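Coordinate inspection notes
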Amino acid sequence: MKHVQDTTTLYNGVKMPWLGFGVFKVKDGEEVVEAVKTAIQAGYRSIDTAKAYNNETGVAQGIRESGIAREDLFITTKVWNGDQGYESTLAAFEASMERLDLDYLDLYLIHWPVKGKYKNTWRALEKLHKEGRIRAIGVSNFQIHHLEDLMTDSTIKPAVNQVELHPLLTQKELREYCSKHQIQIEAWSPLGQGHLLEHPLLQDIAAKYSKSPAQVILRWDLQNGIVTIPKSVTPQRIRDNADLFDFELTMEDIERINQLNENKRFGSDPDNFNF
Ligand SMILES: NC(=O)C1=CN([C@@H]2O[C@H](COP(=O)(O)OP(=O)(O)OC[C@H]3O[C@@H](n4cnc5c(N)ncnc54)[C@H](OP(=O)(O)O)[C@@H]3O)[C@@H](O)[C@H]2O)C=CC1
Ligand SMILES: O=C1CO[C@H](CO)[C@@H](O)[C@@H]1O
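Residues numbered from 1 in each chain as written. Chains lettered and ligands numbered in written order. Predicted model: local features only at pLDDT ≥ 70, side-chain atom pairs only at ≥ 80, totals over all residues. Heavy atoms only, no water.

A few points about the nonpolar core
Within soluble globular proteins, side chains that are nonpolar generally end up buried alongside one another. Core analysis: the biggest nonpolar cluster contains 84 residues, and V23, I63, L105, L147 and L249 have the highest contact counts within it. The element that contributes the greatest number of residues to this core is helix α8 (residues 213-223), accounting for six residues. Contact partners of I63, with chain neighbours within four places excluded, come to V36, I40, I47, I68, L73 and I75. (Core = buried A, V, L, I, M, F, W, Y, C linked by side-chain atoms within 4.5 Å. Buried < 20%, exposed > 50% of the residue type's maximum accessible area, 1.4 Å probe, protein only. Helix = DSSP H or I, 4+ residues; strand = E, 2+ residues; numbered from the N terminus. Contact = heavy atoms within 4.5 Å.)

Structure (C-alpha cells):
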C-alpha cells in the first residue's frame, strides 16, 4: 500500500479501502459531523459506524457537508443484536439507510454472533445483497466455529470479518482461517482503545522511524493485510493516523510486534458476551 486511498479487493470484486475511520463513542451531532469532515479531508474514504453507535444521522450530515461524491466513499454499518432475525434485520437495514441518507450501502455486518439468530440474519443480508442494496456483506466478532457454522448452509460467504485485533491480540489462527477462505480481516480497536500507545517496544520502534506508536501499529496492520479503522475525535490525530504511507516496517520489526501477543481483549469475548 502506497497511498491513503489504496484498496483491497474483496472476493466478490468490491474494492474496500485498507484504512477506514471508526466512529464508536463519537457523539451524534456536531462531534461526529466535524470528525467525519476532518477524516474525509485527510483522505479517509471509508467510515465504520453501526446502529448501536447512535450516530448514523450525524455521519450522513458529515458526508453531505464534506461535498464528496457518494461513489468515492465506502460506508459500513452493522445490524445490532436486538434486531437480529430475518424480518427484523430487513427493517433495521431500512432504518439505518434512512438515517445514513443512502440508497445503497457498501458493507453491512452482523455485529455479534447472536446464538440462534445469526443464520436468519444472514438470510436477510443475502437477500439485500442479491437485490443490489448492499455491495458486500460480512460479519463481526465471528470466531472460526461461527464462520464454519454460517458457511455450512449459506449461499454467499462473508466478504469481511471485523474483529478486535491489535498487538496484544494478534488473532493468528483466525487470520489464517480467513485468509484461506478469502474473508478479509478488519481490525477493530486497532490501537487497543488508546491503551497500547505507551508500550515501550512500540515507542522504541516508533522512535526508530520518527513516527508515533499509533502510526507503527496501523502500519503493522497494513503490512499484514489487515483493514484497519482507528477512531479519533482529535483533528491532528485523525490526520496523523492517515499519515502511514511514507515508511515501511522491516520484517524484523513486524515480527517483534507479532511477539507481543497475549490474547488480551479490551472488548468482549465473542463466545461469552451478553448485550
Ligand atoms: N465491531 C465491533 O464490535 C467493534 C467495532 N469497533 C470499531 O472500531 C473502531 C476503532 O476502535 P475503538 O474502540 O474506537 O478504538 P481505537 O483502538 O481506534 O482507539 C481509539 C482511542 O485512541 C485514541 N487515539 C486515536 N488516535 C490516537 C493517536 N494518534 N494518538 C493518541 N491517541 C489516539 C482516541 O482518542 P481521541 O478520540 O480522544 O483522539 C481514542 O481514545 C471504532 O470506532 C468502531 O468503528 C470498535 C469496537 C467494537
Ligand atoms: O462495536 C461495538 C461498540 O459498541 C457496542 C456496545 O455499545 C459494542 O458491543 C460493540 O462491539
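Now that the structure has been shown, the text picks up again.
Side note on helix α4 (residues 118-130)
The terminal C-alpha atoms of α4, which comprises 13 residues, lie 18 Å apart, in line with the 18 Å expected from a rise of 1.5 Å per residue. The set of residues buried in α4 consists of Y118, T121, W122, A124, L125, E126 and L128. The positive-phi residue at the C-terminal boundary of α4 is G132, with phi of around 85 degrees. (Expected span 1.5 Å × (residues − 1).)

Points about the site of ligand 1
Near ligand 1 lie 28 residues; those nearest to it are D48, Q162, K231, S232 and T234. F24 places a polar main-chain atom, nitrogen or oxygen, 2.9 Å from an oxygen atom of ligand 1. Contact with the protein chains removes 86% of the 910 Å² of surface that ligand 1 exposes when unbound. By residue class, the composition of the shell around ligand 1 is twelve nonpolar, twelve polar and four charged. (Near = heavy atom within 4 Å. Polar contact = N/O pair within 3.5 Å; in protein donor to acceptor, adjacent residues only side chain to side chain. Areas by Shrake-Rupley, 256 points an atom, 1.4 Å probe, with all protein chains shown as cover. Nonpolar A, V, L, I, M, F, W, Y, C, P; charged D, E, K, R; others polar.)

So, the site of ligand 2
Near ligand 2 you find F24, Y53, W80, H111, W112 and F275, and these make up its full shell. Here H111 contributes a side-chain N or O atom positioned 2.7 Å from an oxygen atom of ligand 2. Between ligand 2 and W112 there is a distance of 3.1 Å, counted from an oxygen atom to a side-chain nitrogen or oxygen. For ligand 2, the protein covers 75% of the area, taking 290 Å² as the surface of the free molecule. Grouping the constituent residues of the shell around ligand 2 by class yields five nonpolar, one polar and no charged.

Observations concerning the pattern of salt bridges
Per the stated rule, a full pass over the model turns up 21 salt bridges. A salt bridge links D106 to R70, with the shortest nitrogen-to-oxygen separation between them at 2.8 Å. On the criterion of sequence distance, the pair formed by D106 in strand β6 (residues 105-110) and R70 in the loop between α2 (56-66) and β5 (74-79) is long-range, its members being 36 residues apart. The residues D106 and R70 share a single accessibility class, namely buried. A salt bridge links D204 to R256, with the shortest nitrogen-to-oxygen separation between them at 3.4 Å. Remark: R256 occurs in helix α10 (residues 251-258) and D204 occurs in helix α7 (residues 200-209); sequence separation between them is 52 residues. A relative accessible area of 29% places R256 in the partly exposed class. (Salt bridge = Lys/Arg side-chain N within 4 Å of Asp/Glu carboxyl O.)

Digging into the UniProt feature "domain: NADP-dependent oxidoreductase" (unreviewed entry) in the protein chain
Summarizing the sequence annotation, UniProt attributes the feature "domain: NADP-dependent oxidoreductase" (unreviewed entry) to residues 20-262 in the numbering used throughout. Along residues 20-262 one finds 43% helix and 15% strand; the C-alpha atoms at either end are 25 Å apart. (UniProt positions renumbered as here; feature names shortened; annotations may be inferred.)

Let's talk about the sheet that holds strand β4 (residues 46-48)
Spatially, β3-β4-β5-β6-β7-β8-β9-β10 is the arrangement adopted by the eight strands of the open sheet, whose pairing is parallel. At either end of the open sheet lies a strand with only one pairing partner, and these are β3 (21-22) and β10 (227-228). Pairing between strand β9 (residues 184-188) and β10: two bridges, direction parallel. Across the sheet, residue A187 finds its bridge partner in β10, namely T228. Strand contacts of helix α3 (residues 86-100): β5, β6 and β7 (134-140), with the helix running at about 135 degrees to β6, the strand carrying the most contacts. (Pairing = 2+ DSSP bridges. Axes fitted to C-alpha atoms, helices over the stretch in contact; angles between N-to-C directions.)

Details of the pairing of β5
Counting buried residues in β5 gives six out of six residues, a clear majority hidden from the surface. On β5, burial covers both faces: F74, T76 and K78 on one face and I75, T77 and V79 on the other are all buried. Pairing of β4 with β5, which is carried by three bridges, proceeds in the parallel orientation. Looking at the pairing, D48 lines up with T76 of β5. Note that the unit made of β4, α2 and β5 has a crossover that is right-handed. (Right-handed = clockwise from strand over helix to strand, strands pointing away.)

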